[in-house]
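Residue-level listing of the chains:
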Amino acid sequence: MHRSVHHWLRQVSRREVLQLAAGLGVSYLLPGLEARSAERRGSERPTSLITLWMAGGQSHLDSWDPHPETEHGGGIQPIKTTAPEIQIAHTLPQMAEQMRHLSVIRSLVSKEGDHQRGTYFVQTGYRPDPTTIHPAMTALVARLMTNPNIEIPQHVALATGDNFSVPRGGYLGDQYDAFRIFDPGNNIRNMRRQVDEKRQERRLEGLGIVSSAFSKQRALQVEATLHEHVVQQALTMMTSDQLQALELDDETEETKQRYGDSRFGRGCLVARRLVELGVRAVQVTLQGFDTHINNFEGQKAQSEILDPAFASLVQDLVDRDLWDSTIVLCIGEFGRTPWLNVNAGRDHWPVGFSCVVGGGGLNSGVLIGATNPELAYGERQRPQAEKTHPADPIKVQDLYATILSRLGLNPAEELITPIGRPLALADGSPIARLLPGGA
Amino acid sequence: MKRQWSILWAILVVVGVLALTSAATRPPKPRDLPSSDPPQVTSVQTAAAQVDAELARLWAEREVTPAPVADDLTILRRLSLALHGTIPSLEEIRRFEADDRADRLDHWVAGMLEDQRFADYFAERLARAYVGVEEGQFVIFRRDRFKAWLSGQLADHVPYDQIVREMIAAEGVWTGDGEVNFLTAAFANGSFDPSKLTARTTRAFLGQRIDCAQCHDHPFDHWKQSEFEGLTAFYGKLALTPAGVVDRKKKQYRIKEAEESDDEGRLVEPAVPFSDEWCGDEGRTRFELAAWITHAENQRFERAIANRVWALMFGEPFRQDRPVDDLPDPDVDPDLRTLDLLGADFRAHDCDLRRLIRVIASTQAFRMSSVHPETANVDLEALSDREVDELRTRFELTEETWGVFPLVRLRPEQVIGSMLQATYIHTVDQNSHLLTRFLRFARENNFVEQFGDPGVDELQERVGTIPQALLRMNGNLSRELTEPNPFLATGRIAGAASTPEKMIETAYLVCLTRRPTPQETEFFVKLWNDEPRRNRNSVAQDLYWDLFNSPEFSWNH
């Protein structure tokens, strides 16, 4: 404790120190800026992962896997894209321009048809299991690729929705749960002190007084709680210049419009800023894909939000020479039935759905797998376990093994869970077609 | 005539609404001091003395000096956190301090256990082990109904073994019979997952984890895959029908060797891994499984609940380095004899959970200070690294043998419960104003979500996180609660206190359940005096902020 009171006081006046340093042009005293400039560009830069989470289950037929020939194709027209092999729904025109940077998998297969279980499986690559809570892929990246120059959270979930769609640290520990920001750019939750600087100083001094009697009497125990360490980190975060990455004040109106005036659009823009700063793991959530009623209108409205945001994110990352060091994955917990229910809706469909992935040196323009809606319709009475899989089925685990190996990690590396059980980072093998040099 | 009726109806409705409102918002009933029957107090003390003797044996063997006894207010705080999930209210503190009986703590524990807050709070804690925290599929799983049922069982003093039997052997509709949700919690993707139920059953009721034997033999225990499968087969006949959950007699439990294979799989019959005679002779249904699990000679059953209740009281299971539901077999580890003693006493008293809690609450370990002479006022900076390491090693032994009360981080519901309680002078419970209760409910859910719910593993050791620190320091709730609002304690204490000393003392009592040290009083009195009168509310506000953010507030001690 003895150190902490003073330390806290130091933290408070840190901003003043920084202002002074900036005025004198002593840039080495500016850790935030230093971190930013230390980040290299191009392929030498450590790779970050941005997951665009399609919460509720995006309809693959109405986006990345259009099938106009089927009865239930629903007026979706395929359009050509800048990737010769890939055609996507006409509701995603801006993405059509960007597809040369990306690849599409149309044959993902999962066994989980419930939102919560499906989300768990697709975010972690492991099925729900009562013995262990697995970390989400983004949490693994935050843990294994921690950037020492970052003072703000290393694992960020933007535009969050349902609690269960926020990626968790699982057995890595609560400290690897994603830091949640509900409305990106507008509200950096709880990051700002409630009172002016002078009064905050008084509060921290009082806190030192209240804490010291308790801590002195329990020297070892209080140290082990890391309470002060955590409070100090939080205070560092509150006064860090890096917080600006979470704000959009210095972006032009034109840029914001390009991404779209939505939580998801602003989330994608903040995601770009975080990656530029050197944050390695970000998820941006787009809610509202669960179209059990009026599927076409619902999915079309979702595409209108997704299209400009996703396309602008890719374009900006390419323009800023960050594409080779950023993997972007667009995925959700499952797809939707290739036929319509009585309410013109589509229900949950884990047996053959799509994702889009690219960047970070992954091969682009690759199309993997094919679904067969007519066959699926014919089998609609069959239990889920007995349905025919799409051609060239791909496991989510293999997708993650691919991403991990591009991040420079070994997917087969085992981490030991708190109950002493070794678990591979991803229980699959990389997809050669997506890796450089792969066929 | 018609007109007269409608007027009469209107009057009736108004009277009804008035009566309901006044019933719901009536002021708290005056409370008597809690008391318990003296022979019972003596009997509880005798059982606790056996545990004390067992721990004394461990201390002598390891040459550990136990910490001295904690003061009564600290113990009251622990009890309130463990049994009601909040810190004591100022009202309770005052009444407690006015109680001059030598054995007042014994009476207060008994009183707290009869409070509806105990039944509700423990129902939620136990429900986590039985059905998890996920809301699941609303159509066939109603966690709220399960919790309401369990809370009712606890409030009605139903013996614990009977509660467990009703869950395992449940039949019927999940909305009407709350216990059925124990089974429907394992319904996913269109069918029951019997192995999930086996995992829950063995963890929650036997305190052992055999789930990894689902796929292979247990790596370091003796559990075989075939034993796991035999237990699972008890749940293999479960089916959903229009009449609710039933066992379909003709249904067979089959296991496919490979998930995609076409054969119909290997037939597995229900079987228990040992002591088959505990099942009885009727057959091998869930009813017999329930009898086997709760059988009077099945020591695992009582050890499991003794360890869980211990963990809920102390914040950590008796064996701190293993999860609460991962005990070794009975008679393997002599250091765990405390659990055998507690378990035997629990059995001898008709599986009475309250009795178990009272015994634990009366032990020397529970009433011990979290300040230990070995580490109190030690300046770690002044020691060499080697000396710190030696001290740490020695102290770990003290902690392992319960020679000092552990510091354990409050769970989110305890933090929010405590913050809300600290801002009211009266006890927030079923007698509280409807609005207060509603606020508590709404805020609790929101806060727990933001704070991060540890879920099923809530009894595992964990450190605090940065978002939690930010939430406590800068969150809306902490701002609202520290605002000098005339309805909240912050405003009332600041307004009503005759002197700054009185105000500071009261704030310490409602937040930390203790009085300030002279040094603390001096510091805050000076702040108060330095501030012009019109700004003094800000001093009270900042004091609350300091207390809420201190480690003492967030860690059970």
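Residues numbered from 1 in each chain as written. Chains lettered and ligands numbered in written order. Predicted model: local features only at pLDDT ≥ 70, side-chain atom pairs only at ≥ 80, totals over all residues.

(A) Highlighting the overall build of chain B. Along the backbone of chain B there are 25 helices and eight strands. Taking all 557 residues of chain B together, the buried fraction comes to 45%. (Helix = DSSP H or I, 4+ residues; strand = E, 2+ residues; numbered from the N terminus. Buried ≥ 20, exposed ≤ 12 C-beta atoms within 10 Å, placed from the backbone.)

(B) Summary view of the overall build of chain A. In terms of regular secondary structure, chain A is built from 14 helices and 15 strands. Counting only contacts in chain A whose residues sit at least 6 apart along the sequence, the fraction spanning at least 24 positions is 72%. (Contact = placed C-beta atoms within 7 Å.)

(C) Seen up close, the packing of helix α22 (residues 500-512) of chain B against helix α24 (residues 536-549) of chain B. Residue and element names in this part refer to chain B. The geometry of α22 relative to α24 is characterised by a closest axis approach of 10 Å and an angle of 30° between their N-to-C directions. Between α22 and α24, the crossing angle belongs to the class labelled roughly parallel. Our pair here, α22 against α24, has a crossing hand that is right-handed. Residue-level inspection shows Met503, Ile504, Ala507, Tyr508, Cys511 and Leu512 of α22 in contact with α24, the latter providing Ala540, Leu543, Tyr544, Leu547 and Phe548. Along the lines of polarity and charge, the residues of the contact of α22 with α24 split into 11 nonpolar, no polar and no charged. (Axes fitted to C-alpha atoms, helices over the stretch in contact; angles between N-to-C directions. Parallel < 35°, antiparallel > 145°, perpendicular 65-115°, else oblique. Left-handed = near helix turned anticlockwise from the far one by under 90°. Nonpolar A, V, L, I, M, F, W, Y, C, P; charged D, E, K, R; others polar.)

(D) Representation of the interface of chain B and chain A within the structure. On the side of chain A, 46 residues touch chain B, which itself brings 56 residues to the contact. Mapped by element, the contributors of at least two residues to the side of chain B that touches chain A are α10 (194-206), α16 (385-400), α19 (466-474), α23 (518-530), α24 and α25 (551-554) of chain B. Of the residues assigned to the side of chain B that touches chain A, the class counts are 25 nonpolar, 16 polar and 15 charged.

(E) Region of interest: the packing of helix α8 (residues 160-168) of chain B against helix α12 (residues 286-294) of chain B. Residue and element names in this part refer to chain B. Relative orientation of the contacting elements α8 and α12 amounts to 150°, with a least axis distance of 8 Å. Between α8 and α12, the angle is such that the two are roughly antiparallel. Crossing of α8 over α12 shows right-handed handedness. Across from Asp161, Val164, Arg165 and Ile168 in α8, the residues of α12 making contact are Arg286, Leu289, Ala290, Ile293 and Thr294. For the contact of α8 with α12, a count of residues per class yields five nonpolar, one polar and three charged.

(F) Inspection of helix α2 (residues 38-62) of chain B at higher detail. Residues and elements named next belong to chain B. In this model α2 runs 36 Å from its N-terminal to its C-terminal C-alpha over 25 residues, within 8% of the 36 Å that 1.5 Å per residue would give. Three or more residues of α2 are buried, namely Val44, Ala47, Ala48, Val51 and Leu55. Against the buried residues of α2 lie α5 (104-114), α14 (337-348) and α15 (353-362). Residue Glu63 follows α2 closely and has a positive phi angle near 55°. (Expected span 1.5 Å × (residues − 1).)

(G) Just helix α11 (residues 263-277) of chain A, in detail. Look at α11 of chain A: 21 Å from first C-alpha to last across 15 residues, which is about the 21 Å you get at 1.5 Å a residue. Summarising burial for α11 of chain A: 14 of the 15 residues are buried, a large majority.

(H) Quick peek at the environment of Glu379 of chain A. Residue and element names in this part refer to chain A. Tracing the chain through its elements places Glu379 in the loop between α13 (373-378) and β13 (394-395). In this structure, the C-alpha to C-alpha distance between Glu379 and Leu226, residues 153 residues apart in sequence, is 56 Å. Excluding residues that lie within four positions of it along the chain, Glu379 makes contacts with Lys387 and Thr388.

(I) Spatial organisation of the domain arrangement of chain B. Residue and element names in this part refer to chain B. Split by domain assignment, chain B resolves into domain 1 (117-294) and domain 2 (410-556). On the side of domain 2, five residues touch domain 1, which itself brings four residues to the contact. Residues that form the side of domain 1 that touches domain 2 fall into these classes: one nonpolar, one polar and two charged. (Domains from an automatic or database assignment.)

(J) A look at unusual backbone geometry. At Ala159 of chain A, a residue that is not glycine, the phi angle is positive and equals roughly 55°. Tracing the backbone shows Ala159 of chain A in the loop between β5 (155-158) and β6 (179-181). Looking at Ala159 of chain A, the number of C-beta atoms within 10 Å reads 28, which means it is buried. Even without being glycine, Asp350 of chain B reaches a positive phi, approximately 60°. Locating Asp350 of chain B in the fold gives a position in the loop between α14 and α15.

(K) Examining the pairing of strand β4 (residues 244-247) of chain B more closely. Pairing analysis gives four bridges linking strand β3 (residues 238-241) of chain B to β4 of chain B, with the strands arranged antiparallel. Bridging from a neighbouring strand, Leu238 of chain B pairs with Asp247 of chain B of β4 of chain B. (Pairing = 2+ DSSP bridges.)

(L) Representation of the environment of Ile209 of chain A. Along the chain, the position of Ile209 of chain A falls in helix α7 (residues 197-217). Here Ile209 of chain A is in contact with Glu520 and Phe523 of chain B, once residues within four sequence places are set aside.

(M) Quick look at the environment of Thr131 of chain A. Structurally, Thr131 of chain A is set in the loop between α5 (115-124) and α6 (137-144). Spatially, the C-alpha atoms of Thr131 of chain A and Arg421 of chain A are 9.9 Å apart, while their sequence positions differ by 290 residues.

(N) Region of interest: the pairing of β5 of chain A. All names here are of chain A. Residues His155 and Ala157 line one face of β5 and the alternating positions Val156 and Leu158 line the opposite face, and both faces are buried. The sheet contact formed by β5 and strand β7 (residues 281-286) spans four bridges and is parallel. Counted as the bridge partner of Ala157 is Gln283 from β7. Bridging between β5 and β6 involves three bridges; their strand directions are parallel. Following the sheet pairing, Leu158 is matched in β6 by Ile181.

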